[in-house]
Amino acid sequence: MTPAALSPTGIRFENIDKRYGGLYALRRVSLEISAGECVAFAGRNGSGKTTLLRIAARLARPSSGKVSFLNGGEESGGPLPPAGFVAHATMVYDELTAEENLLLFARLQGIAQPAARAEALLREVGLEDRRNSLVRTFSRGMRQRVAIARALLNEPAVLLFDEPTTGLDPQGARWFAETLRGLRDSSRTILMSLHGESEVSTLATRAIRMEAGAVVADTRTGANLRSILAFANA
Amino acid sequence: MAKRAILGLVTLGLVVTAAFASFYVVPMERTMGPIQRIFYFHAASAWAGMTAFFICFFGNLLYVWRRQPNWDWLGVSAAEVGLAFTTIVLITGPIWAHPVWGIWWTWDWRLTSTFVMWLLYISYLLLRTLIEEPDRRALLSALFGIFAFLDVPLVYFSIRWWRTQHPQPVVMGGPGSGLEPTMRKVFFFSVLAMHALMVLLLSERYRLEKLRGEVDDLRREAEAQ
Amino acid sequence: MALLSNAAVLLGKELRTEFRSRELLTTTVVFILTIVVLFSFTFNPSVGESRRFGPGLLWLAFLFAASLMLQPGFLREQTNDTLSALRLSVSDPFAIFFAKLVASTIFLLLTEVLMLPVFAVLYNVHILAVFPQLVLVFFLGSVGVAIPGTAFSAISAQARMRELLLPLLLLPLLTPVLIASTEATAALLDVKPSLQGRWLGFLAGFDVVFLTALWLFGEYLLEE
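(A) Representation of the overall build of chain A in the model. The secondary structure content of chain A amounts to six helices and ten strands. At 17 Å, chain A has a C-alpha radius of gyration in line with the 17 Å of a compact globule built from 234 residues. Here chain A holds 234 residues, and the buried ones make up 44% of them. Here the analysis covers contacts within chain A between residues at least 6 apart in sequence; of these, 72% occur between residues at least 24 apart.

In structure tokens:
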């Protein structure tokens, strides 16, 4: 997973509020993520992890506050390349083949030589012999590989994973951990929401716990990484 | 409180005066007799309803732009009040038509357009009942409201042209068409009175929606604990 | 321009998906056929009567069928949240709408052109001489149906009772399309066929108004 030229990118969340009616999904969240960090977010369902990731992915807009991407500590001007986003939903079409899916998104994103790129990614995620199979026929683990391939199409400097190991068997989880290690080591900035300790969580360089839409613990400010993850479901 | 009372009294005064004028001041219409007097009520309601729907459109646009809940409150209040006045038009139409032409309904182009407009705004309200989350409900209904209002002139024109190709008895002459001076004055006064009533109903309904919104917010906040 | 190329790519996806399963097309054609047959029991289909009532019932059948056929538009994008993937990938969200409404227009037009000869045979009307003009009317009308239909499909996908909601939102709004299309079709099927420029112009105007509205407001329909 070695990208050609990747400009390390950090993320800054400034006073993010996300309201649904009178309900606060996120409450004055301010965070600075440095380029190359691999951050694990822990917290119960409804603590705001998914909302924060979707805001970082620019799928949702904050009710107030600002999220910006930083290039060398400065806000990057100009249009932002989308972050790679992998959610629990696969975000690919069941009625298309693996290759057709990748080609579709590659073309939409205006990637040069889409066919070559799709083929390369399929090889990297180990699906080249299933390229012409409909995604509908894939197992959960294989669907996740397609999802990751899709997220990597435009060689994003930032990757967002929303509960990536849910529904994976041990083999699938191991594959994901390996893949994540490779991505982390190629200086991408990674945010992932997790449920607890696992092979994946050991790869995190920083952990943040969220509760009721606010940040309650952060290893950067001295909290213990294991304790953040261990009490994730408390 | 005092402001509401004053608005109420002024409106009451206007409406009573308009009613009195349409019964006692205006001369009897030659061909249709006393039932024609309903025209002042019927046509004025149509104008008031139309103004209300325009206010709804305005609220919808502003909500999409600014995303402040009060524009949503304005939108739904105006839609409901507009619908009330439109219902009056649809009911008084047949009441008028029956003694004059012996039929309850003809697909007269004005009444038909009004009927379609009524359906559009009923759909607007129904849509709102089917979306739980308040911000989503406000946004999606505002967008539908914008589409619906853009459709209104298209509905009017298409039905009117269609009716010129397939003529039917017309329920009422155009407002101001062949209206004798006293009639014209009373008509415009009725329009004023109906608009005052519309504004009164709108402000009360808006107050209610505002309170409802605040209670709803508190309830959601409490449930989330 | 990125918008058009994105729309073209997405249109390719819509067409490929549909022609692979053909479920939408087949069910719509059968549905219209059923209505056309049922209508025959409601009046005496002599040549004169058919000319009078035929165009109206044909367009009613199209409208009902369309309000069902447009449902899956955005519903399909919810199953695996592919809508989010699209929103992340396209430069202008209007491309998503544009592709879907072009696809819907094509599907509608296809079913209408398929149904036309069937209708002509069952109801004894002459269509051959005016076939190209009929296709023009059907095209303008179908676009008129597809534009608000696609917009409201996005709305109803986010509400309850969506099966009933889409027809409810769509049908009153399409009154002008029904009137204009019926009149134009009737004029073409008349004893002395004529092309009603006024109604065609009106349909084109309707299409322009709502395409513009969708272009201006579409992105808000997809907001989270």
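(B) Local environment of helix α4 (residues 140–152) of chain A. Between its terminal C-alpha atoms α4 of chain A stretches 19 Å, which fits the 18 Å expected from 13 residues at 1.5 Å a residue. With ten of its 13 residues buried, α4 of chain A lies for the most part within the structure. Those residues of α4 of chain A that sit buried are Arg143, Gln144, Arg145, Val146, Ala147, Ile148, Ala149, Arg150, Ala151 and Leu152 of chain A. The inward-facing, buried residues of α4 of chain A abut β6 (84–86), α2 (98–108), α3 (114–124), β7 (158–162) and α5 (170–185) of chain A together with α5 (82–89) of chain C.

(C) Local environment of the interface of chain A and chain B. Each side of the interface is counted separately: chain A has four residues, and chain B has nine residues. Its residues assigned to classes, the side of chain A that touches chain B comprises two nonpolar, two polar and no charged.

(D) Expanded view of the interface of chain B and chain C. Listed by partner, the interface residues are 25 residues for chain B and 25 residues for chain C. Listing elements by their share of the side of chain B that touches chain C, those giving two or more residues are α4 (109–129) and α5 (134–165) of chain B. At 16 residues, α5 of chain B tops the list of elements feeding residues into the side of chain B that touches chain C. A breakdown of the residues in the side of chain B that touches chain C according to their chemical character gives 20 nonpolar, three polar and two charged.

(E) Main features of the pairing of strand β8 (residues 189–194) of chain A. Residues and elements named next belong to chain A. Burial runs high along β8: six of the six residues are buried. The alternating pattern of β8 places Thr189, Leu191 and Ser193 on one face and Ile190, Met192 and Leu194 on the opposite face, and all of these are buried. The pairing of strand β3 (residues 38–42) with β8 spans five bridges and is parallel. In the strand pairing of β8, Cys38 is matched with Ile190. For β7 and β8, the ladder comprises five bridges, and the chain directions are parallel. Each residue of the ladder has a partner; that of Val158, found in β8, is Thr189. With α5 bridging β7 and the parallel β8, this β-α-β connection has right-handed handedness.

(F) Fine view of the nonpolar core. Within the largest apolar cluster, 196 residues are counted, with the highest numbers of intra-cluster contacts made by Leu102 and Leu160 of chain A, Ala52 of chain B together with Ile155 of chain C. Split by domain, this core shows at least three residues from each of two domains, domain 1 (34–61 + 157–234) and domain 2 (92–155) of chain A. Excluding residues within four positions of it along the chain, Ile155 of chain C makes contact with Leu140, Leu143 and Phe144 of chain B together with Leu169 and Leu221 of chain C.

(G) Representation of the domain arrangement of chain A within the structure. Residue and element names in this part refer to chain A. According to the domain assignment, chain A contains domain 1 (34–61 + 157–234) and domain 2 (92–155). Taking the mean C-alpha position of each, domain 1 and domain 2 sit 24 Å from one another. Taken together, the contact between domain 1 and domain 2 spans six residues of the former and five residues of the latter. Among the residues forming the side of domain 1 that touches domain 2, the class breakdown is two nonpolar, three polar and one charged.

Procedures and definitions
Residues numbered from 1 in each chain as written. Chains lettered and ligands numbered in written order. Predicted model: local features only at pLDDT ≥ 70, side-chain atom pairs only at ≥ 80, totals over all residues. Helix = DSSP H or I, 4+ residues; strand = E, 2+ residues; numbered from the N terminus. Rg over C-alpha atoms; globule rule 2.2 N^0.38 Å. Buried ≥ 20, exposed ≤ 12 C-beta atoms within 10 Å, placed from the backbone. Contact = placed C-beta atoms within 7 Å. Expected span 1.5 Å × (residues − 1). Nonpolar A, V, L, I, M, F, W, Y, C, P; charged D, E, K, R; others polar. Pairing = 2+ DSSP bridges. Right-handed = clockwise from strand over helix to strand, strands pointing away. Core = buried A, V, L, I, M, F, W, Y, C linked by C-beta atoms within 7 Å. Domains from an automatic or database assignment.

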